[in-house]
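Notes for the structure review
One-letter residues, chain by chain:
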Amino acid sequence: MESLFDIFTRSYALSPEKDAEFFSYVGYLYCTDEVQSMRAYPQHSDANRLDHIRAVTYMSYVLSKRLSLDVKAASRGALLHDLVYYDWHDADFSHRPHGFRHPAFAADNAKRLEPGLTKKEIRIILRHMWPLTPLPPSSREGFIVTFSDKYCASMEMQLTKKEKMKARFEARLSEINKNLNNSPEKKNV
Ligand SMILES: [Fe+2]
Ligand SMILES: [Fe+2]
């Protein structure tokens with residue numbers, strides 16, 4: 001069984017061909033200009049917000065599938081959990097304190113982007129910062145996204161701070177890419 005570290009690393013090598021099932025849940029939304037624009041914002045250390053969102057979404061997808069939960073809700077909630085159009089490092093009081101306020105901003109943006117979001121998916125977004133924000137997730141899928149968000153954020157920060165961790169990540173990613181490259185139709189996203 002894949003470790004959390006492997007799932008995190010694998011998220012950097014996803015492809016529509018090798019990961020068709022994953023993209024069947026989030027593909028349309030993943031390709032929108034709004035989600036792709038997340039690439040422009042730094043998130044944690046070297047990871048941009050699209051890297052972070054993709055990692056959290058893939059981990060939520062794998063874990064909810066492993067536990068036979070609502071994979072669609074976990075994946076879609078995770079994909080849109082940080083959909084805010086600003087750099088949270090900016091000293092701009094229109095969005096500070098970011099940690100407390102961005103779940104509501106992201107939920108509003110997510111509803112505009114995908115009016116078909118379910119109540120469960122909206123709550124996944126609204127409550128993903130728990131326990132920083134007071135209300136805990138209202139579903140098991142919500143707990144999975146909240147956990148995956150914290151795990152991936154912590155990994156993203158460690159990759160910059162700890163040389164050993166960065167080396168382990170790069171070695172594992174290179175191994176994953178090598179295996180995927182054995183297939184001629186390989187195409188990373
Ligand atoms: Fe967040
Ligand atoms: Fe996040």
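Basis of the calculations
Each chain has its residues counted from 1, running along the sequence as written. All chains are assigned letters beginning with A, and all ligands numbers beginning with 1, in the order in which they are written. This being a predicted model, a pLDDT of at least 70 is required before a residue's local features are given, and a value of 80 or more before pairs of side-chain atoms are given or counted; all residues contribute to the totals for chains, interfaces and linings. The helix and strand labels rest on DSSP assignments: H or I over at least four residues marks a helix, E over at least two residues marks a strand, and numbering proceeds from the N terminus. Exposed residues have 12 or fewer other C-beta atoms within 10 Å of their own C-beta, buried residues have 20 or more, and partly exposed residues fall in between, where C-beta atoms are placed from the backbone. Residue pairs qualify as contacts under a 7 Å threshold applied to their C-beta atoms, which are placed from the backbone.

On to the overall build of the protein, then. Each helix and strand counted, the protein has nine helices and two strands in total. Of the regular secondary structure in the protein, the N- to C-terminal order runs α-α-α-β-β-α-α-α-α-α-α. If you line up the protein on its principal axes, its C-alpha atoms span 45 × 35 × 30 Å. The 189 residues of the protein split such that 35% are buried. The contacts of the protein with a sequence gap of at least 6 include a subset with a gap of at least 24, amounting to 62%.

Before going further, it helps to examine unusual backbone geometry. A cis amide bond links tryptophan 130 with the next residue in sequence, proline 131, at an omega value of 15°. Examined against the element boundaries, proline 131 turns out to sit in the loop between helix H7 (119-126) and helix H8 (140-161). One non-glycine residue, serine 68, adopts positive backbone phi at about 55°.

Turning our attention to the environment of leucine 83. Mapped onto the fold, leucine 83 is located in the loop between helix H5 (71-79) and helix H6 (98-113). The spacing of leucine 83 and arginine 140 is 57 residues in sequence and 21 Å in space, taken between C-alpha atoms. In contact with leucine 83, other than residues within four places in its own chain, are Glu34, Val35, Ala106, Asn109, Ala110 and Leu113.

The next subject is H7. Regarding H7, the residues found buried are Glu121, Arg123, Ile124, Ile125 and Leu126. Lining the buried residues of H7 we find H5, H6 and H8.

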